[in-house]
Structures are given as structure tokens and as C-alpha cells.
Amino acid sequence: MKIKRPGWDEYFLEVANLVSKRATCLRRRVGAVLVKDKKILATGYNGAPSGITHCETAGCLRQRLRVPSGERHELCRGLHAEQNVLLQAALYGVGTKDSTLYVTNQPCIICAKMIINAGIKEIVFLGAYPDKMAREFLKAAKIKLRKI
């Protein structure tokens, strides 16, 4: 009997989806998994920094001001999943060079710049995000983008 196993992309994207369930953002739940040589290096989800009141308690300023998705990131009290996965790697001394990022949504421009400088070589994602500049930066940096 042959056992049906998920491919690596499907496996890591399912892990990213599971990680997204820990998110505390009221508008979008995003999960990220950093992988190298088929091994998970770190995970991250979007939400307020450690020790800071979660958005579900404090409320969402972006929601109150009706800020469109992809704009005015500085008005958010939370970190993006991509930022958190990089910070978790840094916190525990895990190198990110030549790794692959699996994420439930395409990164924004702020995260794209961090991903470029972290040496990540590829991003595999599920959902689109309205940020053309992020796609342009990642392309210019020769980071492979794959939407599944």
C-alpha cells in the first residue's frame, strides 16, 4: 500500500497556515515558516509585540480609520508574520542566508526589504497582496517568488 504524502511545498504551506492561527490581527491572519534544506528554522505570525496588549483587546486603529490594505503600515500596532519569523531566527541565532520563506500571503514592501537583506533566496506563498512595489523589489533582488 502506497501512503499519500504531501509534497514539500504543500507541507510547509500547511505549517504556515497552522502558524497563522496564532495571529492576533483583526484584519488578516498570516503565518510564515522559514526553511532551509527541508528543515524548519523559525516560524512567525502577525500580531502585537511580546508583552504588548493584543489588537483584539486594544482595537485596530487601521480599521477605525478605514485604511486600505497595503497602506499606512506605521499605523499598525502589530508586526507582520515575515518580520516575526526573521526576529525569531535572530533571537535564537539562526542564520537566514539562502533559506526559503513559506508564507500565507505575499509580503509587503517593508517585509520585502527585510527579506532581501536577510539573504532569503525564495518566497513561496498562497495569497496575493496589493503591493506592486514589493514584487518589483523582490524581482530586482533576484528572489524567486512562487504563488501556489
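For the structure, check the block above.
Now for a description of the structure that goes with this document. No experiment lies behind these values; they were computed from the predicted model shown.

1. A closer look at the sheet that holds strand E5 (residues 144–147)
Sheet strands associate in pairs through backbone hydrogen bonding, adopting either a parallel or an antiparallel arrangement.
Working step 1: Taken together, five strands build an open sheet; the order of strands is E2-E1-E3-E4-E5 and the sheet is mixed. Two strands bound the open sheet, and with one partner strand each, they are strand E2 (39–45) and E5. Mean inter-strand twist for the sheet, computed between neighbouring axes without regard to direction, equals 20 degrees.
Working step 2: In the sheet, strand E1 (residues 31–36) pairs with strand E3 (residues 100–105) via four bridges, with the strands oriented antiparallel. Among the inter-strand pairings, Ala32 is bridged to a residue of E3, identified as Val103.
Working step 3: The sheet strands contacting helix H4 (residues 81–91) are E1, E2 and E3, and the helix crosses E2 at an angle near 130 degrees.

2. Some points on the nonpolar core
Working step 1: Within the largest apolar cluster, 23 residues are counted, with the highest numbers of intra-cluster contacts made by Val85, Leu101, Val103, Ile115, Ile120 and Ile123.
Working step 2: If you list the elements that add at least two residues to this core, you get E1, H4, E3, helix H5 (109–118), strand E4 (122–127) and helix H6 (132–140).
Working step 3: The biggest single contributor to this core is H5, with five residues.
Working step 4: By size, the runner-up hydrophobic cluster in this structure holds nine residues, among which are Val15, Ala16, Val19 and Val35.

3. Thoughts on the environment of Ala112
Working step 1: Note that Ala112 resides in helix H5.
Working step 2: As for Ala112 and Ile123, which are separated by 11 residues in sequence, their C-alpha atoms are 9.9 Å apart.
Working step 3: Setting aside chain neighbours within four positions, we find Ala112 in contact with Pro107, Ala134 and Leu138.

4. What to know about unusual backbone geometry
Negative phi values dominate among residues other than glycine, just as trans dominates among peptide bonds.
Working step 1: Notably, Lys38 is not glycine yet its phi reads approximately 65 degrees, a positive angle.
Working step 2: Mapped onto the elements of the fold, Lys38 is located in the loop between E1 and E2.
Working step 3: Look at Asp98: it is not a glycine, yet its phi comes out positive at around 65 degrees.
Working step 4: The residue Asp98 is located in the loop between H4 and E3 in this model.

5. Here's the deal with the packing of H4 against H5
Working step 1: Between H4 and H5, the least distance of the axes is 9 Å, while the angle of their chain directions is 30 degrees. Here H5 runs roughly parallel to H4, going by the angle between their axes. Judged by the twist between their axes, the crossing of H4 over H5 is left-handed. Between H4, through Glu82, Gln83 and Leu86, and H5, the contact on the second element is made entirely by Ile110, Cys111, Met114, Ile115 and Ala118.
Working step 2: Per-class residue counts for the contact of H4 with H5 are six nonpolar, one polar and one charged.

6. Section: H4
Working step 1: Of the positions making up H4, those classed as buried are Ala81, Glu82, Gln83, Asn84, Val85, Leu86 and Ala89.
Working step 2: In this fold, the buried residues of H4 make contact with E1, E2, E3 and H5.
Working step 3: Following H4 by one or two positions, Gly93 has its phi on the positive side, about 70 degrees.

Analysis parameters
- By convention here, each chain's residues receive numbers from 1 onward along its written sequence.
- Given that this is a predicted model, residues contribute local features only at a pLDDT of at least 70 and side-chain atom pairs are listed and counted only at 80 or more, while totals for whole chains, interfaces and linings are drawn from all residues.
- Side-chain measures were taken over the full set of non-hydrogen atoms in the model, leaving aside hydrogen atoms and water.
- Strand pairing is assigned whenever DSSP detects at least two bridges linking the two strands.
- A run of DSSP states H or I qualifies as a helix once it reaches four residues; a run of E qualifies as a strand once it reaches two. Both are numbered from the N-terminal end.
- Axis definition: a line fitted to C-alpha atoms, limited for helices to the stretch in contact. Angles are taken between N-to-C directions and run from 0 to 180 degrees.
- Only heavy atoms enter the contact rule, under which two residues are in contact if any of them lie within 4.5 Å.
- Take the buried Ala, Val, Leu, Ile, Met, Phe, Trp, Tyr and Cys residues and link them wherever side-chain atoms come within 4.5 Å; each set so joined is a nonpolar core.
- Each residue's exposure class comes from its accessible area (1.4 Å probe, protein chains only) as a fraction of the maximum for that residue type: buried when under 20%, exposed when over 50%, partly exposed otherwise.
- Here the word oblique covers every angle except those under 35 degrees (roughly parallel), over 145 (roughly antiparallel) and from 65 to 115 (roughly perpendicular).
- By convention, the crossing between two helices is left-handed when the near helix turns anticlockwise from the far helix through less than a right angle, and right-handed when the turn is clockwise.
- Residue polarity is assigned by list, with Asp, Glu, Lys and Arg as charged and Ala, Val, Leu, Ile, Met, Phe, Trp, Tyr, Cys and Pro as nonpolar; anything else, Gly included, falls into the polar class.

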